[in-house]
Amino acid sequence: MPRTTVLMFLQLASFVALPLAAQNQVVRDHLEADLTAAEGGGNTLSPLHLPPGSDVLQVQQLHDAFRLLLDHRADAERLSAAMTQLYEITVRHSDWPYAWLGLGLVKLRLEELGAREIRSAHQPAGSGWLVSALAAFERTLQVEPDLGRAAAAIAEVILRSESEAVRRRGFVTLRAFATRNVIDARTALALARVAAASGDWTEADGYLRRYTSTGADPAVGAWELARVRFAQGDVAGGTRSYFEAAAGQGEAVTALLTADLALVADSAELADFAHIDATTRVHWLRDFWGRREVADGRPAGSRLPEHFRRVRYAFTHFGYRGSMPQYAFAQVYRGAPRGLDDRGVIYIRHGDPDERATYLGEMRTYMNESWLYFRPPGDLIFHFVRMETAGFRLVEDLAVIINRAAGTLSELYTSRAAFGPQYLLLAGQYEIIEARGRVRVQEPLGINPTVLERQRVKTRELIRLGTTTDSDPLHLERSWAPIAQIFGTGGTAEGTGGLLVAIALPAPRAFAPLLLPGGRAGYVLRVRTTAADDSGRVTVDVDSVLRLQTPRPLAAGEFLNIVLHYPVTPGDQRVRVIVADSLGETGAVRVLSGVPVVALTAASLAMSDLIVGREGSGVEWQRPDGRKVILQPLNAWLPSETLTLAFDLGGLTPGQRYKVRIGIADLGADSTRPPRAAVEFENQASGARELITQSLNLRTLRPGRYLLTATIISGDRTIRRERRITVAAAR
């Protein structure tokens, strides 16, 4: 049975001879001899013979406290008694370094045992054993600045603590010690890790060199060096150090490799790794990362540095320090490693999400995020809620974000509208419930519990997939903020369809145009559009390089307008559009689900998606038949502007009469009440398919969000399409 960590740290190095300090030299020599004996496996103190004039009582108390400290069988109660004795000694003899050292070591032992904090003037409530242990070790070095055992103890605090503030505080003290003293391996390792966590890669590299110079485990040093090399952008050096570490035989590097693999591997791979021989580990790991490169079409040798980048990013942006009580019924995943919240778990496995959403809400709304990863077989969607004392955690029920009555659930689900039609459907149902509540409708109306349960079951399955698999989406610096709209259109032939993509890209500040003759400016963009239908079949995957020209370089607040059209088979589509610079390094990703692409055939009456525009926008889509449809890439209108609407109607016979009703109403409004803006007219079909266009005046509308509807009535058939629009305040 190995000794406790407090005793283990004493065995890590031999220190240089220490100068005399304000403590009886006989006592110092006696304690040093006993600590050295403990390093050799002993746990008893030798008899103490004091010279005349010594403070016998205090020395005996110090002697007894160290007796308990070095006894690995001592329980929390006995150690607490030793702590009390050491407190008394430091009050009477504040210049005794070993009293302060012993006090800190006792607190490390109590932290190791998980003992409940004992509140006192020396141990403020909630400070934690590690914080007060660090304070004792700092005081030790104030009394005796070159006491190596105190430095080693501070290193132990750093390596144990999850508090960045504690680690940085210990680092400052330890770095000062290291500038004037030889340090042991564990101290060098602690300094290197804190320096690396702070992004001080050069300093971390220097401490790692001191670590390896002590003769410490070279495999552990290689592992730490791999992290530094990858962070510095040295892919070759990081890869070389990683596999040097993998070739190591010790338990320490095996534990490091296993913990790292657990962040990305599945259970079968982890079980396989646990049983392989250390001599075959390098080959196993090369195959592990190579399989992922082949599956994702990555260049050889690129997945490992990407993994280290994700881990570094996750611990920087999604780190969590503290306990993680499991108290929420909606919190179904409880496997995050220490130091990470659940966002970090998902990020390491799947990288940057394609879409993010949040909802601010009102007071008592928990902080929240939802992430979407576009996948042709089916999108991965995760909801995170910041629990009161547990950080951001995965939840199965989006509604737990709101810690109050259902008054804002419609807004909550609307904020996730881009994640799929199911969210917009629930938003609409909650809007109706809220509207009925405002007019005090007595008859109850609620959401079908079966619908909500299906949603929870699906979310649980996505959480299981997300936390047990990994993937490799595009890594892109997502600093652009385009507005993207995607419409389903009819195709050129019967039974075919298309996707119309309209993008308004604000001029990126760091995106310099090409200067062309006549003062014109050229912009080179890369646009990749991928779509999949409900069966998971990829229907579009086009990577294009666009060369756009403007009369002059765009100024801040101006937009590049992009209009693209893709033929696609009919069916509801999930679409991802990536807009980036020509190198594919900087840009943005936009995802929209539930885009309707309708098969316009002669067999039945059908209408396409509603394409909305603005008169005078200057942006148009030229259809395959040569006709032009006005667009509004900004996707918002002022009350003074005129909204245009266009859609295809199919399944007609020449001479067939049909009625068109177009209206704009408040979201969640009573459908029996007249809309705020409306127009109705009757047409006679001239062929099997017609393009319907109409303009609507918005002067009667106040700024807000509205529901635009188009209804077709022909005989006993009625079909309808709708789209949400935004009326903005005057700029």
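Residues numbered from 1 in each chain as written. Predicted model: local features only at pLDDT ≥ 70, side-chain atom pairs only at ≥ 80, totals over all residues. Heavy atoms only, no water.

> Run through the nonpolar core, naming residues and quoting values.
Counting 85 residues, the largest nonpolar core has Val106, Phe137, Leu174, Tyr242, Leu257 and Leu285 as the members making the most contacts within it. Residues Met387, Leu398, Leu409 and Phe419 belong to the second largest nonpolar core, which totals 48 residues. (Core = buried A, V, L, I, M, F, W, Y, C linked by side-chain atoms within 4.5 Å. Buried < 20%, exposed > 50% of the residue type's maximum accessible area, 1.4 Å probe, protein only.)

> Could you give an account of the packing of aromatic side chains, with specific residues and numbers?
Counted by the stated rule, this structure contains 20 aromatic pairs. Here the aromatic rings of Trp223 and Phe308 are separated by 5.6 Å at their centres, their planes lie at 55 degrees, and the arrangement is tilted. With Trp223 in helix α11 (residues 218–231) and Phe308 in helix α16 (residues 303–317), this residue pair connects regions lying 85 residues apart in the sequence. Linked through ring pairs, Trp223, Phe230, Tyr242, Phe243 and Phe308 together constitute an aromatic cluster. Here the guanidinium or amino end of Arg393 rests over the ring plane of Tyr320, the centre of that ring lying 5.1 Å away. (Phe/Tyr/Trp six-rings, centres within 6.5 Å; stacked < 30°, edge-to-face > 60°. Helix = DSSP H or I, 4+ residues; strand = E, 2+ residues; numbered from the N terminus. Lys NZ or Arg CZ within 6 Å of the ring centre and 35° of its normal.)

> Any details on the side chain of Gln455? Residues and values, ideally.
Residue position: Gln455 is located in helix α20 (residues 449–468). The class of Gln455 is buried, set by a relative accessible area of 16%. Once residues within four sequence positions are removed from consideration, Gln455 is found in contact with Gln422 and Tyr423. (Contact = heavy atoms within 4.5 Å.)

> Could you give an account of the pattern of salt bridges, with specific residues and numbers?
By the definition in use, this model includes 47 salt bridges. Put simply, Arg310 and Asp472 hold a salt bridge, and the shortest N to O gap is 2.9 Å. Pair noted here: Arg310 is in helix α16 and Asp472 is in the loop between α20 and β5 (483–490), with a separation of 162 residues, a long-range link. Here Arg310 matches Asp472 in class, with each residue buried. With a shortest N-O distance of 2.5 Å, Glu396 and Arg460 are connected by a salt bridge. Within this pair, whereas Glu396 is found in the loop between β4 (391–395) and α18 (409–414), its partner Arg460 is found in helix α20, the two being separated by 64 residues in sequence. Given the relative accessible area of 13%, Glu396 is considered buried. Members of the salt-bridge network, linked through shared partners, are Glu269, Asp287, Arg291, Arg292, Arg303 and Asp470. (Salt bridge = Lys/Arg side-chain N within 4 Å of Asp/Glu carboxyl O.)

> Summarise the sheet that holds β5; cite the residues concerned and give the values.
Hydrogen bonds along the backbone pair up the strands of a sheet, which may run parallel or antiparallel. Strand order across the open sheet formed by 3 strands is β5-β6-β10, with antiparallel pairing between neighbours. What marks the edges here is a single partner per strand, and that holds for β5 and β10 (559–568). The sheet shows a mean angle of 15 degrees between the axes of neighbouring strands, taken without regard to direction. The pairing of β5 with strand β6 (residues 497–506) spans 8 bridges and is classified as antiparallel. (Pairing = 2+ DSSP bridges. Axes fitted to C-alpha atoms, helices over the stretch in contact; angles between N-to-C directions.)

> Account for helix α12 (residues 235–246), naming residues and giving values.
For α12, with 12 residues, the first-to-last C-alpha span of 16 Å sits near the 16 Å given by 1.5 Å per residue. Those residues of α12 lying buried are Gly237, Gly238, Ser241, Tyr242, Phe243, Ala245 and Ala246. Considering only its buried residues, α12 is in contact with α11, α13 (251–261), α15 (281–296) and α16. (Expected span 1.5 Å × (residues − 1).)

> Could you give an account of the pairing of strand β9 (residues 538–550), with specific residues and numbers?
The pairing of strand β8 (residues 521–533) with β9 spans 12 bridges and is antiparallel. From the neighbouring strand, Arg526 faces β9, where its bridge partner is Val545.

> An account of the side chain of Arg343 is needed here, citing residue identities and associated values.
Of note, Arg343 is situated in helix α17 (residues 342–350). At 2.7 Å, the side chain of Arg343 and the side chain of Asp341 are in polar contact. (Polar contact = N/O pair within 3.5 Å; in protein donor to acceptor, adjacent residues only side chain to side chain.)

> Describe helix α10 (residues 201–213), listing the residues and the values that go with them.
Taking 1.5 Å of rise per residue, the 13 residues of α10 would be expected to cover 18 Å, and the 18 Å separating its terminal C-alpha atoms lies within 8% of that figure. All of the buried residues along α10 are Trp201, Ala204, Asp205, Tyr207, Leu208 and Tyr211. In a view along the axis of α10, the buried residues occupy a sector of 165 degrees, so they form one face of it. For α10, the exposed residues set more than 90 degrees away from the buried face come down to Thr202, Arg209 and Ser213. Where α10 is buried, its residues touch α8 (164–178), α9 (185–197), α11 and α16. Note on α10: the residue one or two positions beyond its end, Gly215, has a positive phi of about 85 degrees. (Arc of directions from axis to C-beta.)

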